[in-house]
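Tertiary structure, described
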Amino acid sequence: MKYIIAVIKPHRLEHVREALAALGIEGMTVSEVKGHGRQKGHTEVYRGAEYVVNFLPKVKIEVAVTEDMMDKALEAIQQAAKTGQIGDGKIFVLPIEKTIRVRTGETDADAL
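Thresholds, definitions, all that
- Once a new chain begins, its residue numbering starts again from 1 and follows that chain's sequence as written.
- Only residues with pLDDT of 70 or above have their local features reported here, since the model is predicted, and side-chain atom pairs are shown and tallied only from 80 upward, although totals for entire chains, interfaces and linings are computed over all residues.
- Side-chain numbers come from the whole structure's heavy atoms, not from hydrogens or water.
- Numbering of helices and strands starts at the N terminus; helices are DSSP runs of H or I of at least 4 residues and strands are runs of E of at least 2.
- Atoms considered for the radius of gyration are the C-alpha atoms alone. The globule rule reads 2.2 Å times the number of residues to the power 0.38.
- Any two residues whose heavy atoms approach within 4.5 Å at even a single point are treated as in contact.
- Per-residue accessibility takes into account occlusion by the displayed protein chains alone, with areas from the Shrake-Rupley method and a 1.4 Å probe.
- Neither His nor the chain ends is counted toward charge; the positive residues are Lys and Arg and the negative residues Asp and Glu.
- The atoms used to mark charge sites are NZ of Lys, CZ of Arg, CG of Asp and CD of Glu.
- Grouping buried Ala, Val, Leu, Ile, Met, Phe, Trp, Tyr and Cys residues that are joined through side-chain atoms within 4.5 Å yields what is termed a nonpolar core.
- Three exposure classes are used, based on accessible area relative to the maximum for each residue type with a 1.4 Å probe and protein chains only: buried under 20%, partly exposed in between, and exposed over 50%.
- Put simply, a salt bridge is a Lys or Arg side-chain nitrogen that is within 4 Å of an Asp or Glu carboxyl oxygen.

1. Here's the deal with the overall build of the protein chain
When you go through the protein chain residue by residue, the secondary structure sums to two helices and six strands. Against the 2.2 N^0.38 benchmark of 13 Å for 112 residues, the protein chain shows a C-alpha radius of gyration of 17 Å, more extended than a compact globule. Along the longest, intermediate and shortest principal axes, the C-alpha atoms of the protein chain span 60 × 25 × 20 Å. Counting only contacts in the protein chain whose residues sit at least 6 apart along the sequence, the fraction spanning at least 24 positions is 71%. Surface exposure of the protein chain reaches about 7,600 Å², of which carbon and sulfur atoms provide 51%. The distance from the centre of the 16 positive side-chain charges to the centre of the 16 negative ones in the protein chain is 7 Å.

See below:
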């Protein structure tokens, strides 16, 4: 099993959710986060004063998938999150050693 972490632009969240749901992947965790990479932030004007926004709002999506669904899930996330502009985000993949559904005690792929 694999743990996929995707950091994307907030307005692309619903597109990614729909793309994953179309694959039958329904469970996910979503967090509002802030950060920057090469994008480095930008300047804004508020009440006539200019200030620098170093950390930009992003959304972090976390989803666990089986090995056979990993490539499909990665492709779906990438296509749904892509705008072609700087700051589209990153996707990270980590191995999962063990998964347990608390309610039933099911383990690994059955717990997803």
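2. Re the nonpolar core
Ranked by size, the top nonpolar core spans 17 residues in total, and within it Ile 8, Val 16, Leu 20, Ile 25 and Val 65 carry the most contacts. Of all the secondary-structure elements, those providing two or more residues to this core are β1 (2-8), α1 (13-22), β5 (56-65) and α2 (67-81). At seven residues, the largest contribution of residues to this core is made by α2. Other than its neighbours up to four places away in sequence, Val 16 contacts Ile 8, Ile 61, Ile 77, Ala 80 and Ala 81.

3. Digging into the pattern of salt bridges
On inspection of all chains with the given rule, the structure shows four salt bridges. Note that Lys 9 is salt-bridged to Asp 88, the shortest N-O span being 3.8 Å. You can see Lys 9 sitting in the loop between β1 and α1 and its partner Asp 88 sitting in the loop between α2 and β6 (89-95), a full 79 residues away along the chain. Each member of the pair, Lys 9 as well as Asp 88, carries the same accessibility label: buried. Residue Arg 17 is joined to Glu 14 by a salt bridge in which the shortest nitrogen-to-oxygen separation is 2.5 Å. Highlighted residues: Arg 17 and Glu 14, both in helix α1, separated by three residues, approximately one helical turn.

Read these as layout, nothing more, since geometry by itself doesn't imply function.
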